[in-house]
Structures are given as C-alpha cells and as structure tokens.
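What follows is the residue order along each chain.
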Amino acid sequence: MFESTTPEDARLKLRERVYVDFENFVVDGKTPGFLARRTLRSHGLWEEPGLSAVGEQYAHAMTHRRSRLIVRQLTATSIVATVMWVSPESITCVRHSDGHCLMWRIDACELPALVARLVGFEPRVTYDCGPRRVKSEIVEATTSFNLGLVESLLVRAAQAYEEAPEEGIAETPLSYGLRNRLWTLSMLTCEVDAPDTQLFENGDSTVSVMYLAVPESMFRLSPSDDSTSSLEITMTRPLVEWEQLTALTKVLP
Amino acid sequence: MMDEDQSIASGGHFEIPLPPGWQATPQESLADLTKEFTTTAAVDLLLVFPHTNGTFAPNCVATYEKVSQGDLQVWAEHNLRATIDLYPGTEVVDLGELYLSGKPSNSYTLFTYILNDRSVTCVQFVWHTPRNDGYVDVGIVNLQCLTDEYRDHSQALFDIIEFAQMLEGEDHVRVDNS
C-alpha cells in the first residue's frame, strides 16, 4: 500500500471547524471571515486573496468532482467518516473523527484498495449464521451517526434471535459479536455528480451499501423483499462484493 | 455458460475453455515465460483477451508445480508471501476456500496491486491434488484485469475458473486446438 493512502501519513490535520470553512469556500464560494482566513493561512491553505497553491491542490478534486464517495464506519466506541472527492485528475480524501479531520490526496489507482480497507474488506473465516434481520431504522441512525441507537438496534437483533433461534443454535458468532460490542458497521455511499453518466442501472445518482462485520464474519444489510420494516442480514465476503465496489470506485471521465 | 463448440486451450496440466474473444498464447512462447518469471513452476497456459487499446489486457496464467506432501503448508505460505512481495502496492482483500463441483480442494486470494499507475485486480486460485508418490500436484490460476474493468470481465474470469480442468499426473500429450 502506498504511504499516501494511510490517513496517519496525511499532510494536513485540521480542526473540524477549519475544514468546514475551507469546504464552504471551495464548494459554495463562501469567503471565510478574518480569523478563519488566518487559521487557513497557518495551515498553508490560504494566501490572500484566495487559496494558496497547496489549497488549490486539495480543492481541485472538490471543484472538478465527478463523484463523491462517503464511508461511514461505526464501532461500539468510535465514529469515523471518510469523504473522497473523485475527479479525473486527482482524489482528495477527508477523514472526520473526534472533531478533527485529516486531509490527503491519492491517485485514482489507489482508490479501490483504500475503499476496500475503509469498509472492512479483509480475509475472515466467515460463518453463515443469524440473526437474519435488523430494524431498518439502522440506516437513518448510521447516516446521522446516532451511535447509541445503532448499538441498541444491533443488541436487540441479537437478543431477539437468541430468544428464538431460527436454526437451533442460540449463540452464533454474529449474535455474540453484537452483544459483546465487537461489531463494525460500514456504509459506503456513492454520489455521482456527472449528469451525463449513468453509473447505476436504475438511473439513481446515489447508491449506498451497508456491511456489518464481527471478527469472524462479514454480512451485507439489504432491504427485505417482504416490505417489512427490517433489513436482511446476509453472509457475504469481499470476493462476492468486489464487482460492486469496483463499479462504485470507478473514476468517471 | 460454456458453449459446446467453444474451443478449449490445452496445456500439459490444464484444459481451459476459451471465453468469447479470448486467445491462447502458443505453447512455444510459454517456455521463455517460464524461464523469465518463475524458478520452480512451469507456465502451462496463458490466455489473453486482447481488446484493450494498448492498456493492460485481461489475462489468465495457469502454472503447475509438484510439491512434496509434507512441504505443502510451507509452500502455501511461501506462495502467498511471494505473491505479495512480487507486485507493488499489493493489498490482500480476501482469501479463503471456494468449493466448486468436480474440482480438487482449492483456495483463492483476491488482491489488488498498482501497475503503471493503474489498479489491477488479481484473483489467484490454487488447486492441489494428492498423488500416490508422496507429492501433490499444485495448479495455480491467476486471473487479472484492470480494477475499473473488473465488472466487464468478471463473468469471463469466473467462467474460466468454473470450467477449467486440472489434469492428473504429468504425462499428458498436448492437443492443439488452434
């Protein structure tokens, strides 16, 4: 893995407020106030009357984006969101956690491996086991980073399954992992900004996929066919999901 | 799906039906490849989908090795390490076992690497069949394409692995279908 794809090697660490000022200027054209400009300048991003050369480098992918990838990753103890602004020439990555951001740039060839790592694609033993459903409120809870609600929905799914196991085994690797806070929930969202390009077969400009992992296994969360208020939990593995990930990480011309 | 009139590429140790548009490299070229790229394994088949305007062409490389039964575990670890070390920027995304009907036990490794500023996806399948002389026939099939073209070629790549046959023993006569 190239060093530049590792957030710890990022060249810029900013407070969240400073990054918001930067993004507001780059994306919406809102000129930051005097103090904010001073702070941006101290990070090398600003040089009156506008962005510095370094700032322009980071801003390029944001202003010339063809798509934007967002990976939300929640565990029992952490919330991390990584946004990747994807343009044909470069990609700017911003990792938000604990009120700070790390901002770094990568090449297009590094994107699939980075996204795979961020959503938790890694070798696992993989057991096909219950629980098979979780309340669909988990989508909204994940989107809004409501960690308390996410955890309670996962624990409730595990408890409900263990009280009435569908396959005869009460405690499974998944139910154990959910009850013991060993889970990782990842949501990958791809927003396409290129109006002349149809990346998704259904014509949508935004697609999200959700994965739930415990140390042994990985599962996909998807809407159930019976239109209940639940998501189906289905065992999967990176080999199965790779085709979709490569489609979502494709850099549009 | 495999058509009945589909041509089959045959080496000493593999028979692989050619997906539409794919071509097999002549056997006489493979000896040079073996000398250039490997020390112990023999390149048995090289299939290519030669469409891609000079960019990295989707390909399938099948190699064969005979490994002592007792050394198989060490060989497997060495093979994985060598694979990771061989390619720049390698990221192992998945590894495990895949059960296909009619195939000997096998494992796969899915990884990406960087080549000429492009991301390449490789799925490596390893099959091993015990022999009666204390050795194991080990067949390795590497399927590769550009990562951003994976969706276009995944069906052909998995058709190759589904219908490929590893032949038993060493004494096979190659049948040229070209």
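See above for the structure.
Just so you know, the residues in each chain are numbered from 1, in the order the chain's sequence is written. Whichever chain is written first is A, and whichever ligand is written first is 1; the rest continue in order. A pLDDT threshold of at least 70 governs which residues receive local features in this predicted model, and a stricter bar of 80 or more applies before side-chain atom pairs are shown or counted, although totals over entire chains, interfaces and linings include all residues. Excluding hydrogens and water, the side-chain figures rest on all heavy atoms present in the structure.

Asker: Before we go on, may I ask you to explain the sheet that holds strand E2 (residues 14–17) of chain B in this structure?
Answerer: To summarise the sheet geometry, strands pair through backbone hydrogen bonds and adopt either a parallel or an antiparallel arrangement. Spatially, the 3 strands line up as an open sheet ordered E1-E2-E10 (chain B), and their pairing is antiparallel. Each edge of the open sheet carries a strand with a single partner, namely strand E1 (8–10) and strand E10 (165–166) of chain B. Paired strands are those between which DSSP finds at least two bridges. Here a helix means four or more residues in a row that DSSP labels H or I, a strand means two or more in a row labelled E, and each is numbered from the N terminus.

Asker: Would you take a moment to explain the packing of aromatic side chains for this structure?
Answerer: What counts as a ring pair is set by centres within 6.5 Å for rings of Phe, Tyr and Trp (its six-membered ring), and what kind of pair is set by the plane angle: stacked under 30 degrees, edge-to-face over 60, tilted for all other angles. Considering all chains together, one arrives at 10 aromatic pairs over all chains under this definition. Judged by centre distance (6.5 Å) and plane angle (50 degrees), the rings of Tyr19 of chain A and Phe22 of chain A are tilted. On the criterion of helical spacing, the pair formed by Tyr19 of chain A and Phe22 of chain A is a turn pair, its members being 3 residues apart in helix H1 (residues 16–28). Burial here depends on accessible area, computed with a 1.4 Å probe over protein chains only, as a share of the maximum for the residue type. Under 20% is buried, over 50% is exposed, and the range in between is partly exposed. A residue is classified by how much of its surface remains accessible, and Tyr19 of chain A, at 2% relative accessible area, is buried. Among the residues examined, Phe22 of chain A registers a relative accessible area of 1% and is labelled buried. Look at Phe121 of chain A and Tyr211 of chain A: their rings are 5.4 Å apart centre to centre, the planes differ by 70 degrees, and that puts the pair in the edge-to-face class. Taken together, the residues Phe121 of chain A in the loop between helix H4 (111–118) and strand E8 (133–135) and Tyr211 of chain A in strand E10 (residues 206–213) connect sequence positions 90 residues apart. You'll find Phe121 of chain A and Tyr211 of chain A in the same group, each marked buried. An aromatic cluster is built from Tyr87, Phe111 and Tyr113 of chain B, whose rings are joined through pairwise contacts. Here, a charge over a ring means that NZ of Lys or CZ of Arg falls within 6 Å of the ring centre while also lying within 35 degrees of the ring normal. For Arg68 of chain A, the ring lying beneath its charged end belongs to Trp85 of chain A, and the centroid distance is 5.0 Å. For the cation-ring pair, Lys66 of chain B lies above Tyr135 of chain B, with the distance from its terminal atom to the ring centre recorded as 4.7 Å.

Asker: Teacher, can you tell me more about the environment of Ser29 of chain B here?
Answerer: Looking at the secondary structure, you find Ser29 of chain B in helix H1 (residues 27–37). For the pair Ser29 of chain B and Val93 of chain B, spaced 64 residues apart in sequence, the C-alpha to C-alpha distance is 32 Å.

Asker: When you look at the interface of chain B and chain A in this model, what are you seeing that I'm missing?
Answerer: A common measure of how large an interface is: the accessible area buried when the components associate. Listed by partner, the interface residues are 24 residues for chain B and 22 residues for chain A. The term buried area denotes the loss of accessible surface (1.4 Å probe radius) that occurs when two parts are joined, taken as the sum for both partners. Roughly 1,900 Å² of surface becomes buried between chain B and chain A when both sides are summed, with 62% attributable to carbon and sulfur atoms. When the buried surface of chain B facing chain A is broken down by residue, Glu91, Val93 and Arg151 of chain B rank first, second and third, together holding 30% of it. A carboxyl oxygen of Asp or Glu within 4 Å of a side-chain nitrogen of Lys or Arg is what we treat as a salt bridge. A salt bridge links Arg117 of chain A to Glu91 of chain B; its shortest N-O distance comes to 3.4 Å. We call two residues in contact whenever any of their non-hydrogen atoms come within 4.5 Å of each other.

Asker: Mind showing me how you'd approach the pairing of strand E9 (residues 135–146) of chain B here?
Answerer: It is a general feature of regular strands that their side chains alternate between the two faces of the sheet. Residues and elements named next belong to chain B. In terms of residue burial, E9 counts as a mostly covered element, since 11 of its 12 residues are buried. As paired strands, strand E5 (residues 59–68) and E9 are joined by 10 bridges and run antiparallel to one another. Each residue of the ladder has a partner; that of Val67, found in E9, is Val136. Pairing of strand E8 (residues 118–130) with E9 involves 11 bridges; the strand directions are antiparallel. Its bridge partner being in E9, Trp127 is matched across the sheet by Gly139. If you look at the hairpin formed by E8 and E9, you'll find 4 residues sitting between the two strands, and Gly134 has a positive phi there, around 85 degrees.

Asker: What am I meant to see in the pattern of salt bridges here?
Answerer: Pairing between side chains of opposite charge can happen when the charged atoms of each approach one another. For the structure shown, the criterion picks out 16 salt bridges over all chains. When the shortest N-O distance is used, the salt bridge between Arg151 of chain B and Glu243 of chain A registers 3.9 Å. Here Arg151 of chain B, found in helix H3 (residues 150–163), pairs with Glu243 of chain A, found in helix H8 (residues 238–248), and the two come from separate chains. Here Asp85 of chain B and Arg81 of chain B are joined by a salt bridge, their closest N and O atoms 3.5 Å apart. Linking Asp85 of chain B with Arg81 of chain B, this pair stays in helix H2 (residues 72–86), spanning 4 residues, or about one helical turn. For Asp85 of chain B, a relative accessible area of 54% translates into the label exposed.

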